[in-house]
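Residue-level listing of the chains:
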Amino acid sequence: MQERKSVGIIGLGLIGGSMGLALREASESKSSPIVFSRIFGYDTNPLHSQQALSLGLVDECVEFGEIEKCDVIFLATPLDAIIDTLGKLKNIKQDCAIIDLGGAKQKIIASIPPQIRKNFVAAHPMSGTENSGPSAAIKGLFYNKIVIITDEEHSGQSQVSLAKQIFISIGMRLIKMSATEHDKHTAYISHLPHIISFALANTVLAQEEPQNILALIGGGFKDMSRIAKSSPIMWRDVFAQNKENLLESIESFGKEMLYAESLIKDEKWEELIAWMGKANSLHKFM
């Protein structure tokens, strides 16, 4: 028999909106162990609420107090807003599962009020695009993607079990690790690529006639600069909350750039080929 749950999504942008679509699709599957009887949404931006409704991302947009009555609450806002929201969740159900979907974990976990620690499950779906807002929501965004669950030993067993069921029902693959490991690893594979993309875009824009350069754009530049379109507010919070790990990754990247620069300056072409060949081997692991 399928279990029926009400769901509240706080933050109706790309991730929150896509989660609404995924949960609705899962509810329509006879094989899903959970039916999401009602999907509620809440966003501090009234326009986002209107768009989410018109796009069918949620069934109904409600006030914050109504979200607190849900069996499951997803936190899909920028990271600083997640911390702020955690301090406001005071009237939740005893067995409610609060699942955050943020891209950095340690500071969020440190901010959880003790009375709701067992309710909280820290998760990070490794999926997204460079677009933002409700109109960026995509059906199938999470399918066959990885979701990282961190520090689950500090969460309630029923909440962790429910969170895992939900992620599996929308087609995700589970990985668990500590929040410390998560923040260190994602600094290299997620946060560093974004800061590099922002830097690349600004490097081109700083040229005297950037429009002349941009007229020559090919696939390589488009691929590397695509994520520079990402939300500055969202990524400011990620960079701030994972500052030390990000700075370490930037330092490591800088050393590689300086090494490449020295090989080119000194015309050590064979060593440059070896350096690039080593980089080619990364894709053997992917």
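Look up: the structure comes first, before these words.
Residues numbered from 1 in each chain as written. Predicted model: local features only at pLDDT ≥ 70, side-chain atom pairs only at ≥ 80, totals over all residues. Heavy atoms only, no water.

Asks: Which parts of the structure should I look at to understand the side chain of Ser 197?
Replies: Its location among the elements puts Ser 197 in helix α7 (residues 179-205). Setting aside its immediate chain neighbours within four residues, Ser 197 contacts Met 224, Ser 225, Arg 226, Ile 227 and Ala 228. (Helix = DSSP H or I, 4+ residues; strand = E, 2+ residues; numbered from the N terminus. Contact = heavy atoms within 4.5 Å.)

Asks: Would you mind showing me how to read the nonpolar core here?
Replies: Nonpolar side chains in soluble globular proteins generally cluster together in the buried interior. Counting 37 residues, the largest nonpolar core has Leu 23, Phe 74, Ile 99 and Phe 167 as its most contacted members. Of all the secondary structure elements, the ones that give two or more residues to this core are β1 (3-10), α1 (14-27), β2 (34-42), β4 (72-75), β5 (97-100), β6 (120-125), β7 (146-150) and α6 (157-169). Considering each element in turn, this core owes the most residues, seven residues, to α1. Here Phe 167 is in contact with Met 19, Phe 74, Ile 99, Leu 101, Ala 123, Val 147, Ile 149, Met 172 and Leu 174, once residues within four sequence places are set aside. (Core = buried A, V, L, I, M, F, W, Y, C linked by side-chain atoms within 4.5 Å. Buried < 20%, exposed > 50% of the residue type's maximum accessible area, 1.4 Å probe, protein only.)

Asks: Help me out: how do you make sense of the sheet that holds β6 in this one?
Replies: Whenever strands of a sheet pair, they do so through backbone hydrogen bonds, lying parallel or antiparallel. If you walk across this open sheet you meet the eight strands as β3-β2-β1-β4-β5-β6-β7-β8, and the pairing is mixed. Unpaired on one side and paired on the other, β3 (60-61) and β8 (173-177) mark the two borders of the sheet. The pairing of β5 with β6 spans three bridges and is parallel. When the sheet's bridge partners are listed, Ile 98 is paired in β6 with Phe 120. This element, α7, spans β6, β7 and β8 of the sheet and lies at about 110° to β8. (Pairing = 2+ DSSP bridges. Axes fitted to C-alpha atoms, helices over the stretch in contact; angles between N-to-C directions.)

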